[in-house]
Amino acid sequence: MTIEPRTLETRAETDLAEAYYRDRDALPGGAAVAEIRKSAFDAFRKSGLPHRRVEEWKYSDLRARLKSVPAFAARRSDDEAKAAVAALDDVYGAADRYRLVIVDGHFHAGLSDVAALAAAGASVRPLAEALVEQGESLMQLPEIAAGDAATGLNAVFCADGLVLSLAEGASLDKPVEIVHALSAAAASTSERVIVTAAKGAKAIVLETFVGGAEGSFSNTLTDIRAGDEAEVTVARLQAEAAGTTHIGTAVVTLGAETKVKLIGAGIGSGFARHQSFIAFTGEGSRADLLGITMVRAGQHVDQTLVVDHAVPHCDSRELFKTVVGEGAKGIFQGKIIVRPHAQKTDGQMMTQSLLLSDDAEMSLKPELEIFADDVQCAHGATSGQIDEDLLFYLRSRGIPEAEARTLLVLAFLSEAVEEIGEEIVVEAFEERIRAWLDAGA
Amino acid sequence: MPAVQETIDRVRSIDVDQYKYGFITDIESDKAPKGLNEDIIRFISAKKEEPEWMLEWRLEAYRRWLTMTEPTWARVEYPKIDFNDIYYYSAPKSAPGPKSLDEVDPELLATYEKLGIPLREQEILAGVEPKNRVAVDAVFDSVSVVTTFKEELKKAGVIFCSISEALREHPELVKKYLGSVVPVTDNFYATLNSAVFTDGSFVYVPEGVRCPMELSTYFRINEKNTGQFERTLIIAEKGAYVSYLEGCTAPQRDENQLHAAVVELIALDDAEIKYSTVQNWFPGDKEGKGGIYNFVTKRGDCRGKNSKISWTQVETGSAITWKYPSCILRGDNSRGEFYSIAVSNGYQQIDSGTKMIHLGKNTSSRIISKGISAGKSQNTYRGLVSAHRKASNARNFTQCDSLLIGQDCGAHTVPYIESKNATAVFEHEATTSKISDDQMFYCQQRGLSDEEAVALIVNGFVKDVIQQLPMEFAVEAQKLISISLEGSVG
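Residues numbered from 1 in each chain as written. Chains lettered and ligands numbered in written order. Predicted model: local features only at pLDDT ≥ 70, side-chain atom pairs only at ≥ 80, totals over all residues.

Of regular secondary structure, chain A possesses 11 helices and 20 strands. The C-alpha atoms of chain A give 21 Å as radius of gyration, which agrees with the globular expectation for 441 residues (22 Å, within 12%). For chain A, the C-alpha atoms occupy an extent of roughly 70 × 50 × 50 Å along the three principal directions. Pairs at least 24 apart in sequence give 83% of the contacts found in chain A among residues at least 6 apart. (Helix = DSSP H or I, 4+ residues; strand = E, 2+ residues; numbered from the N terminus. Rg over C-alpha atoms; globule rule 2.2 N^0.38 Å. Contact = placed C-beta atoms within 7 Å.)

Written out as structure tokens, the structure is:
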């Protein structure tokens, strides 16, 4: 049927509209930023929350998911924020790193290693402050990300976050962890993190998304602007509480001769959508994307990525592994675009999913959109369960069934884990994977 | 490879602007007034002497169609179609109900001769081994002109006739199956077709019968500004087998012509249907002017256990192709196959693919799609593989390869894979590349010209699919592909 039904505004849409009218004067930024927020809001009013008839959101119906939207969280005091973070898992534990703390969408400089980072060659500013001065350019996103419903909502509501800037040639001695913590009270958050790496800068950024409560709605955006010859690795781990709705968008813009590795792990949240938008703007660059997703018990997780090869001579590699347990639903949507004249593009995308239970579901949509002829592009997609023959082999050698299954899931994920390359990330992720498997055994 | 030289000769002699089948036959035709309304539908139904229920069926479809809007999700662009500026009925005016070929308008026969259809039975009998005989149901504009081999098929119990005839002579069969695979409400074009279809083929293969020959329909759009809305219905009873060939050519026209066909296949227990298409309608000229709009709904229903439906298509024509031959794998252990070659050149736009809906247990499907894009054309593969919750042990393998020739064309792959059963194993792979310089160099080094080299490499690229075509079509298909790619190199 092609009749477009007229849908009445949902409660959640009304909540968001009211939040905008209530908060708009308090949101940071000058007139230009206010204008960006307003036009994004107008777009939202026109189309509402994305739903299954919006192609990009076909499998993740946000309109149906969000029954209501709680008010956007106010800034906590440093003490409250400290207590909130302390109550949550410390993913990287004792590992040596710089730490930047965002609680309920607001950056807490007092809990963060701002001075130490400055000494190492990186400046950190709260977004609320930066928006007032440079607003407009900070809010701008590449074309492929700008039209998205979630980035639009983030533009409307982002009240804070941080800007991490690496000077030309700066090379950080330790990884920087950005903690996105949600306190235990249900609230909405909409922070934005901007990482700019000037020419030749090198950094490893670890983002962790933790906490939250039943009904929490977090719509975060991380905008990575990697300049010419920069090398940036970003590892994102989403382990929010089971009742949250999480949208985590990573936008990456690559200059010339740039290398970016974007690693994402999704374990938490009841309804999560991890979006990555990769835009090549200079020649000779390479982007590596890795995804490790594990869900069960009614969780819904969506990995959506768009890789835009707009210039010649760039490579991209995508490897996404999804393990779907009982009653859960996994989604992978990956699109490689090769624009006219983006010759010599090499794009390879692989997505594999393992279904552990009869009521697990997986939907895959790998897409190629190619307008240039001298390219090498390929994608592969598989979906299946644990191979009975492999299981039999292990059991015939005396390994109990549960242990054998765990081993096979580990083996399935190991291909992606091995590609991570950063020891600190590998250790943290492996621990999470183990814990996840133990919880299910 | 002797076919190569012949192909090149054909390529040389035929320019995009000199479309081989671009001739117009001047025969008086019997037309309904332009436009679409309930009266036109009544007119069509009356002309065809249809039973009352059929008219009701059509009118219901028409009323539903009025509430629908054209789908816009496909990656094709074209000016809006004015559905009231089309003739919905056009029949060649010849002696009513030709009893034999002698009564058929000689111009019409000449047309087919130019197309190379072996219409005259004696010609076929004289030239071809009985094993390779082909029964032809020729559709000229909207009316099936003559069905050959009917007698012999009758002996085997096979019914092969035009759908109008089937409506008159086997209404119970048509009533039982028509619209059971593609419901009246399925989609915009299928609903339109349900309201206005004028002719098409009907095949019924009774239980346990292996159809003694390949069946073939040759479609051809001739009269200016007529939509061609044919409806094909093929039923294979328990244990039956039938192979059906559909070939399409249309003369050159300036104005775009609409084609919205519906094909329904029904395979019951242990039955097998093989459906092959070669479509080389006018693709438009070098500036992208003219050409056929081809909006087709094709679907097969593997209704019975162990049934099998196989689609093979070679798409080289039409300005716009919007076509997704699909299989509903309802019966346990049923199997669906889709083999496709889609060649686009000039300003052609192809959005084609398949759907494999796994509903029964132990069902399997295989998709091999080869897209070749040249000139300024856009070629999209769009497909769905889905496993229902109860479809345990469903199995799919999909391979979509695209070849790009020239820097102004596009090749796109949009597969949807939906698994709701853990025991379902789905594999999908897709590649996009151009003809490598190494391959070209190798061929040139051995004395082949650019065009010969491309033809050779392309033929190698599509070999997996060509092998699935019945022999009668394989040679023609190879030539067509080369002709379609004319002018894309050098």
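Next up on the list: the overall build of chain B. Assigned secondary structure in chain B consists of 13 helices and 24 strands. The buried share among the 490 residues of chain B stands at 58%. Within chain B, counting contacts between residues at least 6 apart in sequence, those at least 24 apart form 84% of the total. (Buried ≥ 20, exposed ≤ 12 C-beta atoms within 10 Å, placed from the backbone.)

Let's shift gears to the packing of helix α2 (residues 31-47) of chain A against helix α8 (residues 149-157) of chain A. All names here are of chain A. Contact geometry of α2 with α8 gives a least axis separation of 8 Å together with a crossing angle of 135 degrees. Judged by the inter-axis angle, α2 sits oblique to α8. Classified by chirality, the crossing of α8 by α2 is left-handed. Here α2 contributes Ile 36, Arg 37, Ala 40, Phe 41, Ala 43 and Phe 44 to the contact with α8, which in turn contributes Gly 152, Leu 153, Ala 155 and Val 156. Class assignment of the residues belonging to the contact of α2 with α8 gives a composition of 8 nonpolar, 1 polar and 1 charged. (Axes fitted to C-alpha atoms, helices over the stretch in contact; angles between N-to-C directions. Parallel < 35°, antiparallel > 145°, perpendicular 65-115°, else oblique. Left-handed = near helix turned anticlockwise from the far one by under 90°. Nonpolar A, V, L, I, M, F, W, Y, C, P; charged D, E, K, R; others polar.)

What follows covers the interface of chain A and chain B. Across the contact, 33 residues belong to chain A and 36 residues belong to chain B. The dominant element in the side of chain A that touches chain B, judged by the number of residues it contributes, is strand β19 (residues 361-370) of chain A, at 10 residues. Partitioning the side of chain A that touches chain B into residue classes produces 16 nonpolar, 10 polar and 7 charged. In this structure, β19 of chain A lies alongside strand β23 (residues 410-419) of chain B, joined through 6 bridges in antiparallel fashion. Across the sheet, the residue bridging to Glu 369 of chain A is His 412 of chain B, located in β23 of chain B. (Pairing = 2+ DSSP bridges.)

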